Amino acid sequence: MDFLKKYESFIFKNASQISSIESTLRSLTYILPGRFDDADLASEALFSTLNLLGIYHDTILTKHVASLPATHRPTPSPLNRYTRDWQNSSLTYSRIAMLLTVIQYTEVLIEMGVQKKWGQQYKWRVITALEAIKAAGRLTLLRLTNQRMIMHPIHTERDVDPSTLADLAEAEQSVKESHWTGSRTGSTRLQLSAVQKNSGSGKAGKSDVTEFLLSKVLTPDVVRRPRDLVGMLSGLGAIGEYMFVLRPLIYVLAMRKYGQKSWYPWFLSLAIELGSRTSIKQYLASRPGGGRGGSGTLLEKDEMKRRLWLLLYYVLRSPFYDRFTKERLHNFCESASKKPLISLVGGIVRDYQPLWESVYFYTAGS
């Protein structure tokens, strides 16, 4: 415990440097594949470790930021407000979200390790088991949240810039000078003199006061209760979300039955994905109070955009990849190799091609 406290203190005091190191090492993992024997496995092991460490570092930073006065805390994103509300109110939600996050960050590494040690047959058993666990976890989250759309990511993101932590700590020291605390309510408020001081003069100009007041303006998403940031689904919308959750498991089972080169799993998965998207969009358009234009809340719109981008993975999945994409990527890499800057991109694409062809979770999009 004493070691953990020292480590947490070290991370907080050196948060900016730690974040830079994480980013540098994470970038390194993108250029390691194909460089030496087992480079793919080493790269993925490093990537998974950094992501898991990042989650722990985020909890440390969040804990320290939470100890600051409310007026000095960074404004959390709508997604973090929504996710944190469910995590704080349900231990089951928090544990399942953490399990799904750990699987998401390690599934490629697990697949590569199993394939290397036990071969293809055991690999597909493990893939099926992981997809089943993920589906069960997401179905449980759907039940816990009263059938609300599953957001991505399901864990809170880092909502504070590590480089500003020193300023936040300094602000904590001066909070007593710049704020007053109500004797009856205990609420902390910024004094006008603090606005004057920040303006660099003895008087607070009109622009300074206006800027301060504008910073306190409440937007609709801030006023909403965290749980209202994502609406409940029913009928067609709920069916569409269940289809989205079960689609990866159905796809894997179909591939195991009909083979990876069969078009049936590919078309089945795409049909489920498109059916899910159509069902949810139609429900959001007809739902009362479903956001401006009847297309859902801001978080729901962002999630639907993300799911639209996931459709690009279909061009990297067999048999479409083998018949159409593979040759075009090869031609691109060949032509790019003769151009100075583009050759770097072509080289990375060439190094990743074997992974797209052999590692399921690289193109799973689940």
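Report follows, based on the coordinates. Position numbers for residues start from 1 in each chain and track the written sequence from start to end. With pLDDT at 70 or above as the cut-off, local features in this predicted model cover only qualifying residues; side-chain atom pairs require 80 or more to be listed or tallied, and sums for whole chains, interfaces and linings still use all residues. The side-chain quantities take in all heavy atoms of the structure and omit both hydrogens and water.

## Examining the packing of aromatic side chains
Alright, step 1. Geometry of aromatic contacts follows a simple scheme: Phe, Tyr and Trp rings, the Trp one being its six-membered ring, pair when their centres are within 6.5 Å, and the pair is stacked under 30 degrees between planes, edge-to-face over 60, tilted otherwise. By the definition in use, this model includes 14 aromatic pairs.
Alright, step 2. Seen from their ring centres, Trp 263 and Trp 266 are 5.4 Å apart, and the 85° between their planes marks the pair as edge-to-face. Here Trp 266 and Trp 263 lie together in helix H13 (residues 263-286), a separation of three residues that amounts to about one turn.
Alright, step 3. Plain terms: the ring middles of Trp 266 and Phe 320 are 5.4 Å apart, the flat faces sit at 5° to each other, and that makes the pair stacked. With Trp 266 in helix H13 and Phe 320 in helix H15 (residues 320-336), this residue pair connects regions lying 54 residues apart in the sequence.
Alright, step 4. Type-normalised accessible area, obtained with a 1.4 Å probe on protein chains alone, sets the label of each residue: buried when under 20%, exposed when over 50%, and partly exposed for intermediate values. You can call Trp 266 buried: its relative accessible area is 8%. Helix and strand assignments come from DSSP, with helices taken as H or I runs of at least 4 residues and strands as E runs of at least 2, each series counted from the N terminus.

## Examining the pattern of salt bridges
Oppositely charged side chains can form a pair if their charged atoms are brought close together.
Alright, step 1. Salt bridges are identified by distance alone: a Lys or Arg side-chain nitrogen within 4 Å of an Asp or Glu carboxyl oxygen. All told, the structure shown has twelve salt bridges when counted by the stated rule.
Alright, step 2. Between Arg 287 and Glu 300 there is a salt bridge, and its shortest N-O distance comes to 2.7 Å. Separated by 13 residues along the polypeptide, Arg 287 in the loop between H13 and helix H14 (298-310) and Glu 300 in helix H14 bring together distant segments of the chain.
Alright, step 3. In this structure, Arg 307 and Glu 303 form a salt bridge, with 2.8 Å as the shortest nitrogen-oxygen distance.

## Remarks on the packing of helix H5 (residues 91-118) against helix H6 (residues 120-144)
Alright, step 1. Axis definition: a line fitted to C-alpha atoms, over the contacting stretch in the case of helices. Angles run 0 to 180 degrees between N-to-C directions. Between H5 and H6, the least distance of the axes is 10 Å, while the angle of their chain directions is 170°. Taken together, H5 and H6 sit at an angle that is classed as roughly antiparallel.
Alright, step 2. Its residues assigned to classes, the contact of H5 with H6 shows 15 nonpolar, five polar and five charged. Angles are sorted into four bins: roughly parallel if under 35 degrees, roughly antiparallel if over 145, roughly perpendicular if 65 to 115, and oblique for all others. Amino acid classes used here: Ala, Val, Leu, Ile, Met, Phe, Trp, Tyr, Cys and Pro are nonpolar; Asp, Glu, Lys and Arg are charged; the rest, including Gly, are polar.

## Some thoughts on unusual backbone geometry
Alright, step 1. Between His 152 and Pro 153 the backbone carries a cis peptide bond, its omega angle lying at -5°.
Alright, step 2. Structurally, Pro 153 can be placed in the loop between H6 and helix H7 (165-173).
Alright, step 3. If you check the backbone angles, Asn 146 has positive phi at about 60° while not being a glycine.
Alright, step 4. Relative to the assigned elements, Asn 146 resides in the loop between H6 and H7.
Alright, step 5. Judged by relative accessible area, Asn 146 falls into the partly exposed class, the value being 42%.
Alright, step 6. Here Gln 147, not a glycine, exhibits a phi torsion of approximately 60°, which is positive.
Alright, step 7. Mapping Gln 147 onto the fold places it in the loop between H6 and H7.
Alright, step 8. With a relative accessible area of 26%, Gln 147 lands in the partly exposed category.

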